[in-house]
Amino acid sequence: MARPLHLVTARQITVARDAPEPVADERGNFYRWLGETLVGRSVSIGPAGDTVYITSEELTYESFKIADYLGKTLPKGRGLHFLVIDLAATPYSQLCESLLIGVADTVQLWAAQAADRSLAILLPAFPHARSEFWPTLRSLADGRDPAAKLVVISNDGAIRWLHGDSGSLRPDFESVYPLRQDPPQRDPRERMSGQIVRRLGHYASRERNGPLCKRYFFDTGHAAPEIAELAERWLHTTVLADPAVPSDLMLLSKDRKKGLDDAIAGIAGDLRLRFGTFDSEGGVFDPDGNPLDAADIHGTVVLFFAVVSKRQKFERIIRNMRRAGIRLAPRAWTVLATDDEAEIADTVPPLDVERTVRRKASRQQDCEQCTIGLPHTDPLREHHTLRTFDAWEILLTSQWGAERVAPEGSFFRYAPDMGDVFDNYGNWVASKVISLLLTRGLVPASTVFVFPDEERIKRLLVRISTLLRGRPVTIRIPSEVLGHHTSADGRSVSGVRRGRTNSDIWERQLHHLRGSRSKVVMLDEFRASGHTARAMLSLLLNREIQPVAYIPILDFSDETDLDGLPVHPLYRIRATRGGA
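None of these values were measured; they are calculated from a predicted model.

1. Re the overall build of the chain
For step 1, the next point in the chain: The helix and strand tally for the chain stands at 17 helices and 29 strands.
For step 2, the next point in the chain: Buried residues in the chain amount to 52% of all 580 residues.
For step 3, the next point in the chain: Across the chain, every contact between residues at least 6 apart in sequence was considered, and the portion connecting residues at least 24 apart equals 71%.
For step 4, the next point in the chain: Total accessible area on the chain stands at roughly 26,900 Å², and carbon and sulfur atoms take up 49% of it.

2. Topic: the environment of H384
For step 1, the next point in the chain: With respect to the element layout, H384 can be found in the loop between α12 (368-371) and α13 (388-396).
For step 2, the next point in the chain: We classify H384 as buried; its relative accessible area is 16%.
For step 3, the next point in the chain: For the pair H384 and V433, spaced 49 residues apart in sequence, the C-alpha separation works out to 6.6 Å.
For step 4, the next point in the chain: Leaving out residues up to four positions away in the same chain, H384 has contacts with K432, S435, L436, T439 and L570.

3. Quick notes on the packing of aromatic side chains
For step 1, the next point in the chain: Here the structure, examined in full by the defined rule, presents 15 aromatic pairs.
For step 2, the next point in the chain: Measuring from centroid to centroid gives 5.6 Å for W234 and F304, while their planes differ by 80°, and the two rings are edge-to-face. Residue W234 is found in helix α7 (residues 224-240), and its partner F304 is found in strand β14 (residues 300-308); the two are separated by 70 residues along the sequence.
For step 3, the next point in the chain: By the ring-pair criterion, three or more aromatic residues cluster together here, those being F30, Y31, W33, F173 and Y177.
For step 4, the next point in the chain: Above the plane of the ring of F126 lies R160, whose end atom (NZ or CZ) is 4.2 Å from the centre.

Reading guide: rules and limits
Residues numbered from 1 in each chain as written. Predicted model: local features only at pLDDT ≥ 70, side-chain atom pairs only at ≥ 80, totals over all residues. Heavy atoms only, no water. Helix = DSSP H or I, 4+ residues; strand = E, 2+ residues; numbered from the N terminus. Buried < 20%, exposed > 50% of the residue type's maximum accessible area, 1.4 Å probe, protein only. Contact = heavy atoms within 4.5 Å. Areas by Shrake-Rupley, 256 points an atom, 1.4 Å probe, with all protein chains shown as cover. Phe/Tyr/Trp six-rings, centres within 6.5 Å; stacked < 30°, edge-to-face > 60°. Lys NZ or Arg CZ within 6 Å of the ring centre and 35° of its normal.

Shown next as structure tokens:
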């Protein structure tokens, strides 16, 4: 007879955060492993959902009760339940006694509802032996099913059994647990790909066979940590590991490119090596931009590129440096290469490439943008608005269809799928939003984003968060609150987001926001009638929250503001929604 399944439910609690955040897939895999380890192989994983967040301010309230938030999210119903309360990522200094006791009280009420319920609480470290946390949990052991497990685990793998048989626990649990709980990060090459911004534009390039126009420019400025990790790994395994290479090295970064320059300067500082830059003709400069000759260098130089677009350009740099008497390391390194891998791989000295990309080049006489008289774009200056040529390319290469959710009786029967746009061009659109915030004097990572709780715009917020390397405060307003009642097929969507994403999260966030000095920006995929934007604005103003701007990615309205609030679309075109 098959063993009954344990339903594993995990609730991750974050402290000193102002917004719920999705629980990472890796964390879900860890919860499954923990369930299989503690209660047996027959487990089923429930959705982890979002984190249960607690602000720093709330911890100072005498009336604050974690049960008000945590208790509502705990599993209900019959069956074998294994609950994981995860506070492991919170520094122990933030786990005040009242919070620990509140967690213990909440899970005590939950576990008391059925004697066969199992429980694990994950903490960064064990509370003091005299903490009231312990007596509350120990009281759960009375009258429990012998098969039920009650445990508390610290980040170092130490485990305290409050109830249940520990005989089946794997003997290496204490050493394995820390590794399982904090798995190695993704490969830096994969992480770097998520930070590179592919910009559309009209970029001029001079080649041996004549001038070219390139459609894309790859901005590596957001990827400095990954570039540093990859470059240092390459330096150790390829150059420093070679006994034939002298120890008096100088690391040179090409053209002070943002991202690369910071990364290589940091590596040089850590290894106590000299640092400088070089240009497209092979000229070498110190960090202050003063030119250096071979006599000034006194050693072997290692070349680091952000992008190598052509083999001929690379070899010209090498040739000019050698003519100047500069001694080169046996290999060079680049973040990106835009030429054929086979051709780049045949260079002398060899060039090691982290990622190959395509820039979609054409001769100027064959360039569509040149034909219609569009000027070239400056790769060093990224404007926050979309050029018409670029806007229509990203729209026409994306899927189109009827608008899925819109104000009642008003929707587009045929419109671009902005979710598809954000999937294909999300990093670029996100970088433009960030650029826009900077031009308005805002700090992007500290900006509070308020937007409809809809799947498409949430995809863009993921890209923005990735580029900002943080978790900006995001407030998702349910569609039904904004008056989104119908889809294009007339089906009601009212109430589809009832429950945790409703009043006990977004209302609570707005309550914390009132009276703060935070800069609030409203964000949406597009503006047509302005109904959604006005609903969001009214919601904020009624709670005494004054946003500083509204950013629709596309603006189909002919209004230039929103009842006095500045509106900054990335692209504006006149269009009107149809009726039902």
